[in-house]
Amino acid sequence: MGIEILHDRCLSCECCVSACRRYIFRMGGKGKIEIDQNLLPLCMHCGHCTAVCPGEAIVLDGVPSASLPELPANLGLSPDALMLFLKSKRSVGAYSSREVPREVLEKALDAANYAPSARGAHPVRWVVITEPANRERLLQEMLPYYEHAEDVTSRSHYENYLKGVDSLLRYAPCIVLACAPEHVYGEADCVSAATYLSLALYAQGVASCWAGSILALTRQGSLKSVAVPEGCEAYAALMVGYPDENFLKLPHRPDPVVTFM
Ligand SMILES: Cc1cc2nc3c(=O)[nH]c(=O)nc-3n(C[C@H](O)[C@H](O)[C@H](O)COP(=O)(O)O)c2cc1C
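Definitions and cut-offs
- Residues numbered from 1 in each chain as written.
- Predicted model: local features only at pLDDT ≥ 70, side-chain atom pairs only at ≥ 80, totals over all residues.
- Heavy atoms only, no water.
- Buried < 20%, exposed > 50% of the residue type's maximum accessible area, 1.4 Å probe, protein only.
- Helix = DSSP H or I, 4+ residues; strand = E, 2+ residues; numbered from the N terminus.
- Pairing = 2+ DSSP bridges.
- 1 Å grid on protein atoms, 1.4 Å probe; cavity = no way out; pocket = protein on both sides within 12 Å on 5 of 7 lines; lining within 4 Å.
- Points joined across faces, edges and corners; volume = space filled by probe spheres on them.
- Nonpolar A, V, L, I, M, F, W, Y, C, P; charged D, E, K, R; others polar.
- Phe/Tyr/Trp six-rings, centres within 6.5 Å; stacked < 30°, edge-to-face > 60°.
- Lys NZ or Arg CZ within 6 Å of the ring centre and 35° of its normal.
- Near = heavy atom within 4 Å.
- Polar contact = N/O pair within 3.5 Å; in protein donor to acceptor, adjacent residues only side chain to side chain.
- Areas by Shrake-Rupley, 256 points an atom, 1.4 Å probe, with all protein chains shown as cover.

## Brief notes about the pairing of strand 7 (residues 174-181)
Burial within strand 7 is extensive, with seven of its eight residues counted as buried. Relative to strand 9 (residues 232-241), strand 7 runs antiparallel, the two sharing eight bridges. Paired with A178 across the bridge in strand 9 is A236.

Shown next, in the form of structure tokens:
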């Protein structure tokens, strides 16, 4: 762990100096970039220094800048297409039983790893339920809470179940929970990562929807079928699967409420 500057490659351009959030790099007296050893313990391991270095002169935690994947100068995505991508991502409420391949999930989880996390801590631990028996166990564990719920909406899920309608898991073949150690930013980190995950799934044609129902019961420790990692709390839950509905229009949304100052 640590930062090494390969001085024979360094262009002294100071890109690392401006990129580092912790001001760990500085221009030394002889025109050579130096590392401030006092500030080094503040390193977030975000890799920004390695990603901006045009000389590929930095090795962070043993990973040389030269080994990182290249970014094209232009991602080739039009702003309009991207806006439509964001706006058209719906919380899907009906899923087909078609399984989501492991590679598709792994690709999305890899993208979610690039979500912002406080202090670059990347604390999220995922729980992914895909085994049909485990999914069924989860549903069966949830039902009694809805049978005896006080509010009408919650009780309606149990009544739907009796009518043969799965309004709790919405037939989704896959359930994903984002967990993190209890920390002031644990929830924000999980929400950030789960949002990236849902968009990365959508990019691959896979739908998702927040599962407040699963999250609430997991948070109150009522579900044995969800293996929340030791010392962690669940902060986000998603139903995931191929959609069994087709949106033809963008639904209306209220205008954003903004105070520009
Ligand atoms: C924190 C949170 C919890 C939610 N919980 C559920 C849920 O338990 N079941 C469900 O069907 N949808 C759930 N949703 C999805 C919302 O109902 C959905 O966002 C809303 O209907 C609007 O749809 P849209 O996201 O496609 O615009 C949840 C959304 C959020 C943000």
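## Details of empty space enclosed by the protein
It is a probe the size of a water molecule, rolled over the atoms, that shows where empty space is left. Applying the stated criterion across every chain yields a total of two cavities of 30 Å³ or more. Taken as a whole, the largest cavity encloses approximately 100 Å³ of empty space. Around the largest cavity sit 14 residues that line it, and C20, C43, M44, C46 and C49 are the ones nearest its centre. Classifying every residue of the lining of the largest cavity by side-chain character gives nine nonpolar, three polar and two charged. Of the volumes computed, that of the second largest cavity is approximately 70 Å³. In terms of lining, the second largest cavity is formed by I5, C10, L11, C13, E14, C15, C16, I33, C53, A57 and I58.

## Notes on the sheet that holds strand 5 (residues 63-64)
An order of 1-4-5 is seen for the three strands of this open sheet, with the pairing classed as antiparallel. Of all strands in the sheet, those with a lone pairing partner are strand 1 (3-5) and strand 5, marking the two edges. Where strand 4 (residues 58-60) and strand 5 come together, two bridges link them in antiparallel fashion. What sits directly across from V59, in strand 5, is P64.

## Topic: the packing of aromatic side chains
In total, this model carries one aromatic pair according to the counting rule given. Where F85 meets Y202, the ring centres are 4.9 Å apart and the plane angle is 25 degrees; that geometry is what we call stacked. Taken as a pair, F85 in helix 3 (residues 79-88) and Y202 in helix 7 (residues 186-202) lie far apart in primary sequence, 117 residues in all. Exposure remark for F85: the relative accessible area of 24% places this residue in the partly exposed category. Above the ring of Y242, the side-chain terminus of R98 is found at 3.6 Å from the ring centroid.

## Looking at the site of the ligand
Around the ligand, the structure places R90, S91, R170, C209, W210, A211, G212, S213, M239 and R253. R90 places a side-chain nitrogen or oxygen 2.7 Å from an oxygen atom of the ligand. Here an oxygen atom of the ligand sits 2.7 Å away from a polar atom, N or O, in the side chain of R170. Considered on its own, the ligand offers 620 Å² of accessible surface; in the complex 52% of this is hidden by protein. Listed by contribution, the elements that provide at least two residues to the shell around the ligand are strand 8 (207-210) and helix 8 (212-219). For the shell around the ligand, the residue count by class is four nonpolar, three polar and three charged.

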